[in-house]
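Take a look at the letters that make up each chain.
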Amino acid sequence: MTVPGGLILFPDESWRCSSSGCQTQAFSVNWPVSIMTNKNQSPTPKMPPAVVFFTLAYLLPAIAAAVWTRNGEFFFYCVVMVVLAAIVIIVHRSCDLSQPVLWGLSVWGAAHMVGGLVPMPESWPNKGPNHVVYSWWLIPNYLKYDQVVHAFGFGVATFVCW
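Quick caveat: nothing in here was measured; it's all calculated off a predicted structure.

Draft legend 1. Representation of the packing of helix 4 (residues 99-117) against helix 5 (residues 145-161). Look at helix 4 against helix 5: their axes get within 10 Å of each other, and the N-to-C directions meet at 155°. In terms of their interaxial angle, helix 4 and helix 5 are classed as roughly antiparallel. Like other packed secondary-structure pairs, helix 4 and helix 5 cross with a definite hand, here left-handed. Here helix 4 contributes Val101, Gly104, Leu105, Val107, Trp108, Ala111, His112, Val114 and Gly115 to the contact with helix 5, which in turn contributes Tyr145, Val149, His150, Phe152, Gly153, Phe154, Val156, Ala157, Phe159 and Val160.

Draft legend 2. Focus on the side chain of Thr55. Mapped onto the secondary structure, Thr55 falls in helix 2 (residues 49-68). For Thr55, a relative accessible area of 15% translates into the label buried. Within the structure, the side chain of Thr55 is placed 2.8 Å from the backbone oxygen of Val51, a separation counted as a polar contact.

Draft legend 3. The arrangement of the nonpolar core in detail. Ranked by internal contacts, the top residues of the largest apolar core, which has 15 residues, are Leu97, Val101, Leu105, Tyr134, Tyr145, Val149 and Val160. Listing elements by their share of this core, those giving two or more residues are helix 4 and helix 5. The element contributing the most residues to this core is helix 4, with five residues. Apart from residues lying up to four places away in sequence, Tyr145 is in contact with Ala111, Val114, Gly115, Val133, Tyr134, Trp136 and Leu138. In terms of nonpolar packing, the next biggest core, distinct from the first, is built from nine residues, Leu59, Ala66, Cys78 and Ala110 among them.

Draft legend 4. Expanded view of unusual backbone geometry. Despite not being glycine, Asp96 has its phi angle at roughly 55°, a positive value. Within the secondary structure layout, Asp96 lies in the loop between helix 3 (72-95) and helix 4. With relative accessibility at 6%, the residue Asp96 sits in the buried group. In this model, Asn141 sits at a positive phi of 65°, which is unusual for a non-glycine residue. Residue placement: Asn141 occurs in the loop between strand 4 (137-139) and strand 5 (143-144).

Cut-offs applied
Residues numbered from 1 in each chain as written. Predicted model: local features only at pLDDT ≥ 70, side-chain atom pairs only at ≥ 80, totals over all residues. Heavy atoms only, no water. Axes fitted to C-alpha atoms, helices over the stretch in contact; angles between N-to-C directions. Helix = DSSP H or I, 4+ residues; strand = E, 2+ residues; numbered from the N terminus. Parallel < 35°, antiparallel > 145°, perpendicular 65-115°, else oblique. Left-handed = near helix turned anticlockwise from the far one by under 90°. Contact = heavy atoms within 4.5 Å. Buried < 20%, exposed > 50% of the residue type's maximum accessible area, 1.4 Å probe, protein only. Polar contact = N/O pair within 3.5 Å; in protein donor to acceptor, adjacent residues only side chain to side chain. Core = buried A, V, L, I, M, F, W, Y, C linked by side-chain atoms within 4.5 Å.

Now the structure itself:
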């Protein structure tokens, strides 16, 4: 059985799906398809050029900075970002993700790149060996930048999976 966009969820043929959700004799599942996916699905949806440009505008300089500074750990992290971007493209081609979802994922990536590359002033409260934005305590001893980034990102990822 497939949902809109062609993803296989359950092999059981007792499930029936429409644009408003899936149901079986036992129960039904509804989701906001208009927010999650585009209603007018084309055979192979294209990535919005603005999202692609924005993503490349932070990812390519991040890769260059990691190579320039010989930061192997951050370069590996950039490779992971490229792999994740490829997965998003594959999922988008299958499910036709909405622009807000694509923007949310791209902004999450940008926040990660800023967190790992951008140095912060010595006077800002931090915890960690590196003086980068990821180590910044927004509210000292209560809330760090990386916690906000991860909360936002996993919220977007959860929405995509939902």
